[in-house]
Structure formats: C-alpha cells, structure tokens
Amino acid sequence: MTGGELIIDDSLRFALLGPLRGWHRGRPLELGARGQQMVLASLLLDLGDAVPVADLVGALWGPEPPRNALGTLRTYISRLRKVIVAATDSDPIRTIGDTYLLDASACSTDVQDVHRTMRRIRQAGAAGEAAEAEELCRRALALWHGTPLLGLPGSVFAAQRARLAELRVSLVSEHSDALLALGRHAEAVLELKPLVAEFPSHEALRGSLMLALHGSGHSGEALAGYEDLLRRLDDELGLAPGPEIQAIHDRIRAETAGGADRGGRAAAPGSASGSAPGSASGSAPGSASGSAPGSASGSAPGSASGSKPGSASAARDAEVPAQLLAALPDFTGRAAQAAELRAALLTGSGAALPVAAVAGMGGVGKTTLALHVAHSISDRFPGGRLYADLRGADGIPADPQAVLRGFLTALGVASQDVPDELEERSALFRTLTTDRRILVLLDNAADAAQVGPLLPGSSTCAALITCRARLVGLPAVHTVDLEVMPAAEAGQLLRRIVGAARADAEPEALAQLADACGRLPLALRIVGTRLTTRAVWKLADMVARLADERRALAVLRTGDLSVPACFAIGYRQLGTEAARAFRLLATLDLPELSAEFAAAGLGLAEQSAEDLLEALVDVALLETPRHGRYRYHDLVRAYARSVAADDPDGASAALTGILDHGYATGRAQRRLGDPDSKFLDAFPAPRSAGTGFADFGEARRWMAEEVRGLTLLARQASAGTDEHFRAAVLVMAVLDHGEEAGDLLSLEADVVGVLSREAAARGDDRTGRIAGMLHVHNRFIARDLPEALEASLPLIEQCRAADEDVLVAWLAHIAGTSAHHLGQRDVAEAMLRLCRDTGIALDDTSLVSTATKWLIFATAMSPGGQVTAETLRLAQSAFDLDERAGNRLNLMGAWHMLARVHDALGEETEAEHAYRHTIELTVELGHREREVVARRESATRLHRLGRRAEAVEQTQRALAVAQAAQLATEESRLREMLEEALADQSAAG
C-alpha cells in the first residue's frame, strides 16, 4: 500500500456517512438538538462555501418556515459556535453578509475523504495497481456507518442522502472492478448482490455482478440476471439495455455455449473475464487502461490467452476495449460543432489519421461535447474506443508512457510484456492499431508533444482531443474552437436541469440566470444543480446572488464542481509576469483592451505586453474577439480580480498608467486636429509619451476605438485616490466623444456627474469648473441646448473670476452657439463676441476663426439679419486664418461658411466651388453629420436653380449617409426633400 493513510487525523472531524457525529482530538462532541444538527450538516455538506441563510431556513423548515425562523437559526448557530469554541478555542463559523461559512481549513469530514480517495482509486486503476485500488476502496467503504445523515428529516437531506447513496454505488463499482481484476470473483459477488437487490435496474452494478458470477462458475445465474434486468427496464421504463451490458451478456453467453474462454481453453471458475461493468472490455470508469491490471486482457491471473503473451496476435484476440466515460443524459445544443467533429473524424483523406480537436477555456464543455460525439460514432469503430485523461491543465500532465501502458494492456498486451521505453511503447501501439477501426479520445491534452506518441498509426483509426489551447505543432488537426453557449441553448440546458415547470414559471429569470453564468456550461450546471437541491428558491433568487461579483464565485461551487477551481488550474500554469498581467489587467473596467493599453498598465514595452496577452490566450484565460483586441470572460474576470485582491498597489498603478497614457494620446489627437488651439494650455503636460499618429485620420480612428474604454476607466477612477481622480478629470477633458456618439454620451454624462460630485466633496474648485465645462459640452453635443446654455452662463462668470481665459472662451463659444439655435440673438452675439475677443487675447487663431463663423450665423444669417459684403469679408478672414494654420477640420467649416455666404449673395459659381470643397473635406475627415448638411444645402440650391437631376442625386447621397450615421432627424427631412424633388422631376418631364 502506497500513498499514505486514508483518513487524516484532523483535530476537528465530523462524520456524515451515518448518524451525524463529531470529534475533537478523538473526543466526541455534543452536537445538540436535531435542528442544531441540521444546521451543522448543511454547513458541512457545503464545507468551505458560503451557505445563504435562505438555504439553511429551507433545510430546517421547508417552504413554509415559522415567523421566528431567523431568530431560531441564529440561536442554533450560536450554540454550535459555543460547542466548537469550548472544544477547540477557535470559531470556524464565519458570517459573510447573509451567509454562513464553515472554514474548510479548520475541520474535515468523511465525505471529503471519500471524494479524495475516489481520485486516488482511479489513479491506481489507471496505473495498473489493482491491489492498491482494492485496499483504498475497502477502507473508504468502511467509513459508512449506516444511512447517511440518519435522523435528519426534510427534502433537502433526502436529496443529499440520495447523492451520498450514489457515491457509495460508485465506490462499490470501483471496488468490484478491482476485485475482478484480481480474480476475486466470489468476493465481488458477495458485495454486489445486496446492492443489486437495492438497485435492480442499475446497469453498471448488474454488469459487474454478471461478470463476477460468470467468473466464479455461475454463468447461468449471470444470464438469468440479465433477463431480469431486461424485463425490469422494459416494464418500468420502456427501454432496452445499453450496449455495454449487452456486450457483457453476449460474451458470457458465447463463452458458456462454446465451453471455452476467450483464449480457446476450457472455461473454469476463475478464468472468465474480469472486466469492469459499463464497458465490454472491463474499463474502470475514467481509467486509461480499461483492463484488469496484471493480466493481458482483464482475465483472471493464470488464465491462458491462446497466443504468446504480449504478441500482436494475442492482443488481437483480446476483447474490444470500450473505455469512454458515460455521456451526459441532458446534453444540449452544440449541433453544428458536433456535426463538424463527426465529419472530420469519419471523412478523412484516406491516407492520414483523422484527428479532430476541441479547444476552449475551462468549463466551456469540451469533454462533454467530445464524449457526446464519440458515443454517437462508436459503432463506426468496432475495434474499440480508448480514453485517457491527460490532465494537461492540472499542472502535472499525465506521462504518455504511463498512458500507453494502459492502452496496450487494454489491447491485450500482458503487463510484463509492455516495453520499458516510450518510443517502443508508441511503436507497439501503432502496430496493434494498424488496420483496425479504433477511436482514441485524449481528454485535457497539454500540448502536441504529449499527444504525439498516443496517436494510432493507421488511417482506419481516428483521434479526438480536447485541450484549452490549440495544439501548435500537431499536423493536420481539424480544430473546433468552442465558445460559450448561445443564449437559447444556455436557457435550454438550465431548463433541462431545473425542470420545465420551474423554468417556464420564470422565463425572464431563466434568461437572466444564463447570462449571469456567462453562458458557461460548467457554471450553468453548478447553478442548476444548486437549484435542484433548493426547492424553496426561485430562479430570481439565484440571479440576485450572482449579481455580486465577489459572491458569485462562492455560489459557483458545489461538490466536485467548481468554476474558480477550473480557472485556477490555468492560472497556476502561468509564469510570474503572465500571472501578474492576468491579475492586474482584470481589475480595469475595460470591456476589451489592446496590447498598447496593457503595456501602459503594466509598465512594459508594447511587444512584451502583447507576448503576455498571447500567453494568456494560449491557456484560454483571455479571448481574442478580433485581431489585436483581448477580453476576459465575465467569470474569468471575477476570478482574476479575486486573486488580485492581495495586490492593491499593482492594480492602482495599472489604472493610473492607462489613464496617463490615454490623456497623453488624447492630447496628441486634439493637437493634430487643431494645432493652433490654446485649449490644451489649460491643462498640465502629460507624464506619459502616449501614442503618436501619422495623421489626423489615424488619430480619429484611435479615438473612436478607445474612447469608450477610457471613459469607463475614468468612471472607475473617479471615486479612487486623489491621483486617480485628477487623472480621470484630465482624460475626460481631452476625449472626443464625437457628434454621433449615441449611448456613449449618456456614459459620458454619468461620469461627468460623478466627477462634479467628487470635486465638490473634495473641495477642489478648479476641477469642479473643468467638470462643469465637460457637462456643458456633453449637453451641447446631446442637443440639450437649453441646459447647455443655462449651465454655461454662471460657469463663465466663475472662470472669468478665476482668470481661466481658455475655459471662458470655450464656454462662451458653446453658450453663443446654443443661444443662436434657440433664437436668442442678443445672447448669442454677446457670447460669440466674448469668445472672439478672448481668442484674440490668447492669440488662438483657431478660436478666433470659429467664433467669427458662428458670429456670422448669429447675426447676418439669423432671422432679421442680412448678408452683405461685410459678411463676406468676415467669412473670408476666417477662411484665411484656417488656411494659413493648415487646420483642415476648421477649414472644412470655413469652406462651408463661404458656400452659404456666396449662395446668399447669389454668387452661384463661387457657391458651387465652396460646396464642392466642403463635401470633399467632410468625406476626407469622416465628418458624416456635416457631410449630410452640406449635401442637403447643395441639393436645395441645385433644385432652386432648376438642376433637378443633380438635386435628386445629391439628396439621395445625403440620405444614404444619414441612414448609415443613424441621423434620424436628417433622414426624415431628406426623405421629404427626395419625394418633392422626384415629383418635380417627373412633372418637368
């Protein structure tokens, strides 16, 4: 016996596999009344997980608790604490919000021991250590002392008893596998008969008993047991037995009828196959070998094979291995991916081995899909189905040499004849699989080097692999990248788990629950399983629990299933720098990020940051929605933030780094767009170099890509440290949210509101004025002109009093423009003259030009105004300023103003020339709203001049741009214009 003792001698220990009992250092604990025991049992069954108060109330009283339920529950908790503290001088029961948690590090249970031992049993079976597996099984079974949770009433504990009964069935099944492998058939019969009597329709148990009876010389009784199963399944369920037990029946019948064992010798007690139930070959569930350790084919020691041990002919005479784990009965969706995998495995080129792989993040359902596909095509591989868990994501991948031992023994090679070296084992495996139809499922592969030696050598076989990252270096692999489930399929899976009636009663909550799980199959299954054991819960209750990111991770654990544990496997494989990147970048409120931002946040060169991001993609901890962009799945982000909690300084530096970078790059974009503007002089020089641009078009594209993320980061930083707050204000001051920003303006408004409140709370008047300016600009862009004007006027006075001329000029421009649109001519003229005069004082030619153009609008072109030669002189002066400065954005406006003035003066040639230049610049700069306006005005002019066909064409172009830019008001106006223009054109003949 190796591997240490089964039971750990913890100082505080509890037993649930029988009456609830507890000890401290071997001394029994007085656990109190039944209600108190029920609370303790509930905490122990979810040991280490936060158990909501509602769960505990439901376990104690069901759906109709008494009025004083919470008070009674608190009394029970208090008494339990007293019992434990009196014995141990420590309190392992934690109160977390409206949940209680029993610290897993402070105690242990027999149920934990059994789960831990089951893993060791399967490892021993896979390694061919049948004697160790049998010993472990026997000691684990000895932990049962009657009915689990004996004496604890209610549906919750009834469900838990059923679950623990299934656990014992699995353990007995493992034990019988080991006994059969050791040739101890009579012992297996004695153990299995009572369990089969209790579960007469359990096919795996019945199959094990049939093999044990056959091996001990009672083949007739084995066949009679099959007939009994046949009748029960037909009468009770209307089903036929599964293929595995049918194969066991057929083999026993053939061997009994022929009077010989599979090797050709006369059958005798002890010489029958010792194969495990659930497979024709005797594979232990989850084992790599699927044969009885120590024998050529699962037969009892001492039986003859009819061929030379270890030879290819002996292996070919061996039984067919069928090692696939059971497929999930509630498999849902994935039809397209399953069809693609089947096609890849069944329609190979003819010369090469068909190899297909399923790649994806942990918990996305790779193994479930692979097993579903493998079972669906198993009849196409009569030579056998081999399975191995390669543990590639566990940090200690399975040794291909050990896996090959299992495969070879499953194919009939005696243990003593398995070659010692990896290359020799691989060569023998390829020899044995040549010209046979064998499917190999390699689950959870680490890399191509691990997989290569395990592939068959014949194109008649096929290999199906699951892995977190694509297997680079393995040729001709057809890879299906598995994503989270579509919303409809996620809802269907939840519905199948929790039940149709329950799901249909809350359809909206069902959809919300699927989204809260990130549509990750593992999370969906955990949540569904939790709900099945909590009959009093509504689906909406679970949605509420998952809404808290920190609490969600505690909820997404049940039994051996755990979303955090799944992600932790990949995290533990990361190097130091990649792990740091994984933690810190997750703390940022970015829906997706670039290598540029990652570099700024981590303080690295961009290429180094990109290498780290790609390393995270390789282990499926990051996704790449498109080239150069990276994102976390919501649950992966929650896990990463949980492990980043110990590094607040690193998270703070990452946020500051990206905001500084965004501020510097935003300034560069503004400078390119308006090089003569003095607006940026109102703010400090950046601490970061930022990103440089070749031209303004490139800068605008960068801003369009990153503005939402930077706004979200500003919101995150607004309530942080003073450094974070100042960085948030600065980055918001230079961001260009655009005139077609849509919902982005609402986000900006929210952030500006937070900044204003924070500035007031911190007593920071100057930052408050900047935030006020941002609010005015936001309302102006959102076309809330009354608010923009009302907010700007008192703010202008505040800025004038503080000698902040840049802000005065900027605000006066918005106030004047807003007043013009609102028909307040006097206010508009006064504010625009203030803007122009301040611009002259600041030597800001850009501001002077802009104010001049709007002053023309507010005076000469407003109702009651008159366009004169002086108007043209002013427009030309603004144009000259912009042309000398080379500011193409302002020049676009200057051309537009000239076009309008020439048109108003009846100067048709000059007007047409100016409109053409205006439209060319709007297209070049991507200014779609200005393009629509210029084309509409040009169309109106053309229609007035009787150039109807040209007017129709210009209107149609304007309408197309308005539709693409989602400018609803302009679109409606242009449709009316187009109808009139077409009607006039038709009437004109």
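Residues numbered from 1 in each chain as written. Predicted model: local features only at pLDDT ≥ 70, side-chain atom pairs only at ≥ 80, totals over all residues. Heavy atoms only, no water.

Draft legend 1. Spatial organisation of the packing of aromatic side chains. Under the criterion given, the structure shown has 12 aromatic pairs. Taken together, a centroid distance of 6.1 Å and an interplanar angle of 80° make the contact between Tyr571 and Tyr639 edge-to-face. Taken together, the residues span a long stretch of sequence, with Tyr571 in helix 23 (residues 563-572) and Tyr639 in helix 27 (residues 634-644) at a distance of 68 residues. Across this residue pair, the class does not change: Tyr571 and Tyr639 are buried. Seen in terms of ring centroids, Trp854 and Phe857 are 5.0 Å apart; in terms of plane orientation they differ by 45°. Their pairing is tilted. Note that Trp854 and Phe857 are positioned in helix 36 (residues 845-858) at a spacing of three residues, about one turn of the helix. Assessed through its relative accessible area of 15%, Phe857 is described here as buried. Counting every residue linked through ring pairs, the aromatic cluster contains Phe567, Tyr571, Phe582, Tyr632 and Tyr639. The ring centre of Phe381 lies 4.7 Å from the NZ or CZ of Arg437, which sits over that ring. The side chain of Arg762 reaches across the aromatic face of Phe725, ending 4.6 Å from its centre. (Phe/Tyr/Trp six-rings, centres within 6.5 Å; stacked < 30°, edge-to-face > 60°. Helix = DSSP H or I, 4+ residues; strand = E, 2+ residues; numbered from the N terminus. Buried < 20%, exposed > 50% of the residue type's maximum accessible area, 1.4 Å probe, protein only. Lys NZ or Arg CZ within 6 Å of the ring centre and 35° of its normal.)

Draft legend 2. Layout of a negative patch on the surface. On the surface, Asp420, Glu421, Glu423 and Glu424 cluster together into a negatively charged patch. With respect to the element layout, Glu424 can be found in helix 15 (residues 422-433). (Patch = residues over 30% accessible without salt bridge, like charges linked within 9 Å, V, L, I, M, F, W, Y side chains within 5 Å. Areas by Shrake-Rupley, 256 points an atom, 1.4 Å probe, with all protein chains shown as cover. Salt bridge = Lys/Arg side-chain N within 4 Å of Asp/Glu carboxyl O. Lys, Arg positive; Asp, Glu negative; His and termini not counted. Charge placed at Lys NZ, Arg CZ, Asp CG, Glu CD.)

Draft legend 3. A look at the pattern of salt bridges. A full pass over the atoms with the stated rule returns 53 salt bridges. Its salt-bridge partner being Arg783, residue Glu929 comes within 2.7 Å of it at the nearest N-O pair. Of this pair, Glu929 sits in helix 40 (residues 928-944) while Arg783 sits in the loop between helix 32 (765-781) and helix 33 (785-801), and the two are 146 residues apart along the sequence. The salt bridge involving Arg941 is made with Glu912; its shortest N-O contact spans 3.4 Å. Of this pair, Arg941 sits in helix 40 while Glu912 is found in helix 39 (residues 908-925), placing the two residues 29 residues apart along the sequence. Put simply, Asp903, Glu908, Glu912, Arg941, Arg944, Arg947 and Glu950 are held in one network by salt bridges that share partners.

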